[in-house]
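Chain residues, written in single-letter form:
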Amino acid sequence: MALTIGERVRCFLLVLVPRLFLALFRLVSPGTKRPKHLPPIRNPLLTLSAVQLAEKIRRREVTSVEVVQAYIDRIQEVNPLLNALVKDRFSVAIQEAARADKLIEEENGGEEVLRNRFPLLGVPLSVKESFALQGMPNSGGLKSRGKVLASVDAPPVALLKRAGAIPLGVTNTSELCMWMESSNHLYGITSNPYDLERMCGGSSGGEGSIIGSGASVIGIGSDIGGSIRLPCFFNGIFGHKPSKDVVSNDGQFPSCTGLQNDYSGSGPMCRYAEDLLPLLKIMAGPTADKLSLSEEVDLKKFRFFTVVDDGGSPLTSPVDNQLIQAQKRVAARLEADLGVKVKEVSFPQLKYSFQIWDTFLALPDKDGKPPQPFVELMADGGSVWPFWELIKRIFGRSEHTVAAIGLALMESSHSSKPSQFILKQMEELQKEMEDLLGTDGVLLYPSHPLLAPKHHHPLFTPYNIGYTGILNILGLPVTQCPLGLSKERLPLGVQVVAGKLQDHLPLAVALYLEKAFGGWVDPGMA
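Residues numbered from 1 in each chain as written. Predicted model: local features only at pLDDT ≥ 70, side-chain atom pairs only at ≥ 80, totals over all residues. Heavy atoms only, no water.

A.B. asks: What exactly am I supposed to notice about the overall build of the protein chain here?
C.D. replies: Looking only at helices and strands, the protein chain features 18 helices and 15 strands. Radius of gyration (C-alpha) of the protein chain: 22 Å, near the 24 Å computed for a compact globule of 526 residues. Its C-alpha atoms give the protein chain principal-axis dimensions of about 75 × 60 × 50 Å. Sorting the 526 residues of the protein chain into buried and exposed places 59% on the buried side. Counting contacts in the protein chain only where the partners sit at least 6 residues apart, residues at least 24 apart contribute 78% of the total. For the protein chain, the accessible area works out to roughly 21,300 Å², and carbon and sulfur atoms hold 55% of it. Treating the 54 positive side-chain charges of the protein chain as one cloud and the 55 negative ones as another, the clouds have centres 4 Å apart. (Helix = DSSP H or I, 4+ residues; strand = E, 2+ residues; numbered from the N terminus. Rg over C-alpha atoms; globule rule 2.2 N^0.38 Å. Buried < 20%, exposed > 50% of the residue type's maximum accessible area, 1.4 Å probe, protein only. Contact = heavy atoms within 4.5 Å. Areas by Shrake-Rupley, 256 points an atom, 1.4 Å probe, with all protein chains shown as cover. Lys, Arg positive; Asp, Glu negative; His and termini not counted. Charge placed at Lys NZ, Arg CZ, Asp CG, Glu CD.)

The following block contains the structure:
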């Protein structure tokens, strides 16, 4: 079985058209006189993990008010450059911090009682705007929803607040959370803290940017095609897309329809690897029991594998050599430190990663109900005609981004029946991947073929999302790990993948890689 002639023609056009537009974009794209870098972090409180901050607050070595104020000051310093936090709740956060400090003063049971009841007591938190946070905007970057405020908290947000975390505000997303760059006509575009001329990723890009800048320590994101991992990669931080049905996807806009809930994952984003596991445990609530998060692990007993690229798909960019070399350094360090063998493997089906992701997101649920069309989400109860919006966009009159309009147009070109060839590729890949990983296997895979691109660049390389999106369809847990900086002083990184419900494996590897390669780097010092 192979691609039909029609499918081959469509593939050829998918390659040719974006590349022509990219060449034109590079020719006419103007430069910028904006400053390229952020000021360095000066307050030492901003260099502690959430776990460390919670411990210091419980021990009364520092007050929650002092910590929250330190983060507010940093946000006010860098956010005018980044546009990452789009709505703050600073005054309320200070009040909540004062209540946390009072609770600690009045607690007679000691630190252990506080640790068990409120493991994040007094620690500041940022929240992706698409998650409902009571009293905060919940638009998903859609301009027509600009005045919509959340009346309740999304389940994972509620669990973090119940653990004592204090939200500082909500962060920017791509329009309707379905693009690799966080830009919309409600809040504007968000920049990368390592280079303000570059993108921060999407759709949890505001989270990646604010955390990577040192203006937040922990945050919450969602991921249906890389929306946690791409921002974490581009902004030099850690993030985890959990196994299916571990963290609730409820309380978000837009919500998942069709089979999308099977492929979407809500998870933690943070600067320090030691925060990943406790955050995941809190966000999962009672379903954390599905995972072995309390189990001690021995990295020497893991089986390690590495895949250097997707096999050379004509749709995707070649993997940057600096990323290839960084992944090779990880393999070499694992072998030297642990005495393990990192085996290089390949999967020919990965060549069709984008087509698999695109096909499966459009499949109906078990009751035969297809996902809500993207154009209906854009309309938000009204009506939208993509071609008309494209014409309006040319004259600056559309409320929608070029990316959203392009996605709507792409959706309209979809075949009513999925390609049998693509379905077969997925079936084979799923079996081979599960057989390889089992319950003790860990796979290294590139996060993206490129270092953080310039603003708007993904409009011409949209299929690069295949590197992350394929792992959503496979339903595997993935931890995104930073690996230092490139010669351009941009973050390097790698995805660490494990078998279903084996989230504790890549989380343990993240701790190791942070020690081995340094983890997050202050962009003001980069």
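A.B. asks: Help me out: how do you make sense of the environment of S447 in this one?
C.D. replies: As for its placement among the helices and strands, S447 is situated in the loop between β13 (441-445) and α17 (466-474). Overall, S447 belongs to the buried group, its relative accessible area being 1%. S447 has contacts with L230, F233, Y467, T468, Q480, G493, V494 and Q495, leaving out every residue within four places of it along the chain. Polar side-chain contacts of S447 include one of 2.8 Å to the side chain of Q480. (Polar contact = N/O pair within 3.5 Å; in protein donor to acceptor, adjacent residues only side chain to side chain.)

A.B. asks: Please explain α17 as it appears in this structure.
C.D. replies: Owing to its 3.6 residues per turn, the α-helix aligns residues three or four sequence positions apart on the same side. Most of α17 sits inside the fold, with 9 of its 9 residues counted as buried. Considered for burial, the residues of α17 that qualify are G466, Y467, T468, G469, I470, L471, N472, I473 and L474. Immediately downstream of α17, the backbone of G475 shows phi near 75 degrees, a positive value.

A.B. asks: Quick question: what am I supposed to make of the sheet that holds strand β12 (residues 342-344) here?
C.D. replies: Whether parallel or antiparallel, the strands of a sheet pair through hydrogen bonds between backbone atoms. The 11 strands lie next to each other as β1-β3-β2-β8-β10-β9-β14-β15-β13-β11-β12, forming an open sheet whose pairing is mixed. With partners counted over all chains shown, the strands left at the sheet margins are β1 (85-88) and β12, one partner each. Each strand axis lies, on average, 25 degrees off the axis of its neighbour in the sheet, ignoring direction. Note that strand β8 (residues 218-223) and strand β10 (residues 265-270) share 6 bridges and pair antiparallel. Among the inter-strand pairings, G219 is bridged to a residue of β10, identified as M269. (Pairing = 2+ DSSP bridges. Axes fitted to C-alpha atoms, helices over the stretch in contact; angles between N-to-C directions.)

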